[in-house]
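Report on the structure
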Amino acid sequence: MSENSSKKSAAGNDAQYAIVETGGKQYRVQVGDVVKVEGPYGRFNFRGQQDHQIWIGGGIGITPFIARMKALAKARDGKTIDLFHSTAVYDPHAIGLMERDARAAHVRLHVLWDERDGRLAAARISALVPDWRNAEIWFCGPAKFGQALKRDFAALGFPAGRFHQELFEMR
């Protein structure tokens, strides 16, 4: 496997892989190493009844949103989308690529760097997205972060059934 590579999946679609440094468990891999790729485990399909979606990607949890933006750049679904990416490590190159993908998909991107902006919370999202009460929320990131956001949005009156959280833990 190269640092960035793609391979045909069983369904015939291109599956893309990137080896990135994260704050979690890491392994040393070299070009040519065989790796086992697992998941996804949840039902993170972006299908919803609301015309507005709020996406929240914590750290490497941004991955399904990047894939969805690439798909939307080819075929829009008519939804209004705000994407919040909260990261401990600010990588200008990676953020630039994300900004490019967001523009192509007509997604409003909000990048929050923990060191500069503090923790992302429901109060900040509700302040930045005036129509948040009529949206659906799609979250992928650390489980405790998602649980805190879900609890805080519920306290603001947001329906629990419109908060979708990817299962982010390895099994």
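Shown above is the structure to which this text applies.
These figures come from a predicted structure and were not determined experimentally.

Across the sheet, which stays open at both edges, the 5 strands sit in the order E5-E4-E3-E6-E7 with parallel pairing between neighbours. The open sheet has two edge strands with one neighbour each: strand E5 (108-113) and strand E7 (163-165). Each adjacent strand pair in this sheet contributes to an overall mean axis angle of 15 degrees, direction not counted. Two strands pair when backbone bridges link them, and strand E3 (residues 52-58) and strand E6 (residues 135-140) are joined in this way by 6 bridges, in the parallel orientation. Looking at the pairing, Ile56 lines up with Phe139 of E6. Strands E3, strand E4 (80-87) and E6 of the sheet are contacted by helix H1 (residues 63-74), whose axis makes an angle of about 140 degrees with E3.

On to helix H5 (residues 143-155), then. Under the 1.5 Å per step criterion, the end-to-end length of H5 is 18 Å for 13 residues, consistent within 8% with the ideal 18 Å. Among all positions in H5, only Phe145, Gly146, Ala148, Leu149 and Phe153 are buried. Here the buried residues of H5 occupy an arc of 160 degrees about the axis, which is enough to place them on one side. Across H5 from its buried face, at more than 90 degrees, point the exposed residues Lys144, Arg151 and Ala155. Immediately beyond the C-terminal end of H5, within one or two residues, lies Gly157, with a positive phi of roughly 95 degrees.

Any two aromatic rings considered together are summarised by their centre-to-centre distance and by the angle between their planes. This model, assessed by the stated rule, comprises 10 aromatic pairs. Ring centres 5.5 Å apart and planes at 35 degrees place the aromatic pair Phe46 and Trp138 in the tilted group. Here Trp138 lies in strand E6 and Phe46 lies in the loop between strand E2 (14-18) and E3, a separation of 92 residues in the sequence. Ring centres of Phe139 and Phe163 lie 6.5 Å apart, and the angle between their planes is 25 degrees; this geometry places the pair in the stacked category. Placement of the pair is Phe139 in strand E6 and Phe163 in strand E7, with a sequence separation of 24 residues. Across the pair, Phe163 and Phe139 agree in class, each one buried. Every member of this aromatic cluster is reached through a ring pair, and the members are Phe46, Trp55, Phe65 and Trp138. Directly above the ring of Phe158 sits Arg162, whose terminal nitrogen or CZ lies 5.1 Å from the centroid.

Analysis parameters
- Residues numbered from 1 in each chain as written.
- Predicted model: local features only at pLDDT ≥ 70, side-chain atom pairs only at ≥ 80, totals over all residues.
- Heavy atoms only, no water.
- Pairing = 2+ DSSP bridges.
- Helix = DSSP H or I, 4+ residues; strand = E, 2+ residues; numbered from the N terminus.
- Axes fitted to C-alpha atoms, helices over the stretch in contact; angles between N-to-C directions.
- Contact = heavy atoms within 4.5 Å.
- Expected span 1.5 Å × (residues − 1).
- Buried < 20%, exposed > 50% of the residue type's maximum accessible area, 1.4 Å probe, protein only.
- Arc of directions from axis to C-beta.
- Phe/Tyr/Trp six-rings, centres within 6.5 Å; stacked < 30°, edge-to-face > 60°.
- Lys NZ or Arg CZ within 6 Å of the ring centre and 35° of its normal.

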